[in-house]
Structure formats: C-alpha cells, structure tokens
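# Working through the structure, step by step
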Amino acid sequence: MGKPTTYYAVARGRQPGIYTAWYGPEGAEERIRGFAGARYRKFATLSEARRWLDNPTWAAADHPKKDFPADAPAGLSPEKIIVYADGGCRGNPGPGGYGAILITGESRVELAGGFRMTTNNRMELMACLAALRTLRPPADVILYTDSRYVVNGINKGWARKWRAHNWMRTGSEAAQNSDLWADLLDQCDAHRVRFAWVPGHAGQAENERCDQLAAAAAAGPGLKEDMVYMEGRTHTPVAREQIT
C-alpha cells in the first residue's frame, strides 16, 4: 500500500487551489511563500479540502489558523524572512561560490560571491552567512539549505559543543571551519533563525536558483581569496576573521 495522499488547500495566496505536494514548483508552499495574510490548511481527503475552500467562514477570523504539513518546519509563517542558501566548488577544493536569496513580503534579494580556492562546506556556510549578515538584528528567519553539514551542525548542537570545547570535536581532533562556524553562531545569537533542510537538485525553484548563482560566481572573474583556507587555518581555534 502506497503512502496516503495529503491535500494542501490554499485559500489566500499567489494561486489559490488544492495541491498534493507541499514543496517543489507544483507545491502549495510556492503559492504562499512571502504572501502576507496567506491562508491554507492540510487535509487527509480531497472532499475535506474542497469543503474548506468552499466555506467562506474562514475569512472572518482576525488571526486565521495556519496548518502546516508534517515535513514543514514548525512555526513557519509567511511574515518571516525566508532565506535560501547554497554553495559549492568546481572541484573540492577548487574555485568556489555561494548564492543566497532573501524573501520578505513582496521583496526579493539575491546575493552571490566567489573565491579562488576553497571547499564545498566552506561555501555552504558562507552562503548562510552572506544572507544573515545583511539583516538588522533581531530578524525572524527561516533558512533553507541542502547542506546536511550546516543543518546538523546547528540543529543537533554540534557547533555549539565545538565552540564550548575551544573548537575541538574530540579531545584530539579539531573542528574544521571554526572561523565560519563561530561567525554563524554569532549570527544565530543575534537573530532568531530556524534551519531547515531541502533536497538539492530536486526541482525546488529557489534552491535551484541558488545553485545557479553559486556556480556562476565560482566561474566568474575577480574571485576573492579565502585566506583562512589558503593558510591552512580552517581547524585552528583562533581562526576568526571573516571572509566576505
């Protein structure tokens, strides 16, 4: 027996209707992301979704309830600042780039940058940092990335544990990229940031756009120097200067 179909009804959004996916170019999340006053709910059956859309009583609520699918981050709100971030290298190590997209309300900003020699993980971290550094604290942010390295490092508490132990993973092994992790934790302390993983190269429009921005930056002219990486200081507790 296959997985039961879930229906996502969008009553207020860029394209109201009923959808059978939350994420992706044909999903409900694409129709409500950044839309002020969006109204949507999840249903187990198509008939329930249709009845809810046909019932105008939901419009009378001053603060309409927002229901989210199980795979959506808890507490997601269209009024938050939505960030998508991605980074990578042409070879690992090699020329690298990052791309980030910030969405709030009807505003959208794209960021990108590249470095002559760096690593995939450093660019994944740098993509998140580039976005968070632009925000005036304290901002309310949900940040989507396809990097398990970044998401697990924050959500599982690994980075804070490394910092508490002077950037050592174990008693004898240093944590890599301590300079960028330290900066990212500072940004998380300044803002309210929720990190959420999205699968890469799976058709999610904003994630695909970030990947394009990162690839173009890595291949572009005027690449900067990632001096911490070039000088072999990515695993030293004192490595704290920012790369920009």
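Because the structure is predicted, anything quoted here is derived from the model rather than measured.

With that out of the way, let us pick up the sheet that holds strand β8 (residues 192–197). The mixed open sheet is built from 5 strands, whose spatial order is β6-β5-β4-β7-β8. Because the sheet does not close on itself, it has two edges, and the strands there are β6 (107–118) and β8. Taken over all neighbouring pairs, the strand axes of this sheet differ in orientation by 20° on average, direction set aside. Across the sheet, helix α3 (residues 120–132) is in contact with β4 (81–89), β5 (94–104), β6, β7 (140–145) and β8; its angle to β4 comes to roughly 155°.

The subject of this paragraph is the packing of aromatic side chains. All told, the structure shown has 3 aromatic pairs when counted by the stated rule. Summarising the aromatic geometry, the rings of tyrosine 84 and tyrosine 144 are spaced 4.8 Å apart at their centres and angled 15° between planes, so their arrangement reads as stacked. Of this pair, tyrosine 84 sits in strand β4 while tyrosine 144 sits in strand β7, and the two are 60 residues apart along the sequence. Tyrosine 144 carries the same exposure label as tyrosine 84, and that label is buried. Here the aromatic rings of tryptophan 162 and tryptophan 181 are separated by 5.7 Å at their centres, their planes lie at 80°, and the arrangement is edge-to-face.

We now examine the pattern of salt bridges. Per the counting criterion, the structure on display carries 13 salt bridges. Close ionic contact of glutamate 110 with arginine 209 constitutes a salt bridge, the shortest N to O distance being 2.9 Å. Taken together, the residues glutamate 110 in strand β6 and arginine 209 in helix α7 (residues 205–219) connect sequence positions 99 residues apart. Taking relative accessible area as the criterion, arginine 209 reaches 30% and is therefore assigned partly exposed. When the shortest N-O distance is used, the salt bridge between arginine 169 and glutamate 173 registers 2.9 Å. Glutamate 173 gets classed as partly exposed once you look at its relative accessible area, which sits at 38%. Connected through salt bridges with shared partners, the residues Arg108, Glu110, Glu206 and Arg209 form a single ionic network.

What counts and how
- Residues numbered from 1 in each chain as written.
- Predicted model: local features only at pLDDT ≥ 70, side-chain atom pairs only at ≥ 80, totals over all residues.
- Heavy atoms only, no water.
- Pairing = 2+ DSSP bridges.
- Helix = DSSP H or I, 4+ residues; strand = E, 2+ residues; numbered from the N terminus.
- Axes fitted to C-alpha atoms, helices over the stretch in contact; angles between N-to-C directions.
- Contact = heavy atoms within 4.5 Å.
- Phe/Tyr/Trp six-rings, centres within 6.5 Å; stacked < 30°, edge-to-face > 60°.
- Buried < 20%, exposed > 50% of the residue type's maximum accessible area, 1.4 Å probe, protein only.
- Salt bridge = Lys/Arg side-chain N within 4 Å of Asp/Glu carboxyl O.

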